[in-house]
Amino acid sequence: QVQLVESGGGLVQPGGSLRLSCAASGSIFSFNYMGWYRQAPGKQRELVAVITSGGSTNYADSVQGRFTISRDNAKNTVYLQMNSLKPEDTAVYYCNVKLRQIGSAFYSEYWGQGTQVTVPS
């Protein structure tokens, strides 16, 4: 059974920083990608950043230059360093991964439980 455990959310003043972590566990063989989405109240869930198995990254235009996604392969963990936070970054942030478990021939997608990030105006 795959589990994604997120941490690092919270309340931060505009201009501040937070680092989100998402640790995956559960007989993992390999990752296709690891990423972060967010959903603000009344809005659709949107992609924030993703990192592929080859190390390529992609960011939403709204966070480009402020957020950095990285991963620790040994720990099966993906991070999102968020700097220069703005009120419009307020949302629930979800970890999203696509991985293959040991003994499986297929990749499957998984979601974390979400962590709240609040940047007051």
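What counts, and where the lines are drawn
Residues numbered from 1 in each chain as written. Predicted model: local features only at pLDDT ≥ 70, side-chain atom pairs only at ≥ 80, totals over all residues. Heavy atoms only, no water. Salt bridge = Lys/Arg side-chain N within 4 Å of Asp/Glu carboxyl O. Buried < 20%, exposed > 50% of the residue type's maximum accessible area, 1.4 Å probe, protein only. Helix = DSSP H or I, 4+ residues; strand = E, 2+ residues; numbered from the N terminus. Pairing = 2+ DSSP bridges. Axes fitted to C-alpha atoms, helices over the stretch in contact; angles between N-to-C directions.

Caption draft 1: Broad picture of the pattern of salt bridges. In the structure shown here, the tally under the stated rule is 3 salt bridges. Close ionic contact of Arg 38 with Glu 46 constitutes a salt bridge, the shortest N to O distance being 2.7 Å. Residue classification places Arg 38 among the buried positions, given a relative accessible area of 5%. According to the relative accessible area criterion, Glu 46 is partly exposed, its value standing at 34%.

Caption draft 2: Local environment of the side chain of Asp 89. For Asp 89, the location among the structural elements is in the loop between β8 (77-82) and β9 (91-101). Its relative accessible area of 1% is what places Asp 89 among the buried residues.

Caption draft 3: Representation of unusual backbone geometry within the structure. A positive phi angle, near 50 degrees, is found at Asn 76, a position not held by glycine. Note that Asn 76 resides in the loop between β7 (67-72) and β8. The phi dihedral of Ser 84 is positive, around 50 degrees, even though this residue is not glycine. Position of Ser 84 among the secondary structure elements: in the loop between β8 and β9. You can call Ser 84 partly exposed: its relative accessible area is 40%.

Caption draft 4: Region of interest: the sheet that holds β7. With antiparallel pairing, the 4 strands of this open sheet are ordered in space as β1-β3-β8-β7. Only two strands of the sheet have a single partner each, and these edge strands are β1 (3-7) and β7. The sheet shows a mean angle of 15 degrees between the axes of neighbouring strands, taken without regard to direction. In terms of strand pairing, strand β3 (residues 18-25) meets β8 through 6 bridges, oriented antiparallel. Looking at the pairing, Arg 19 lines up with Gln 81 of β8.

Just distances and angles here, no functional claims.
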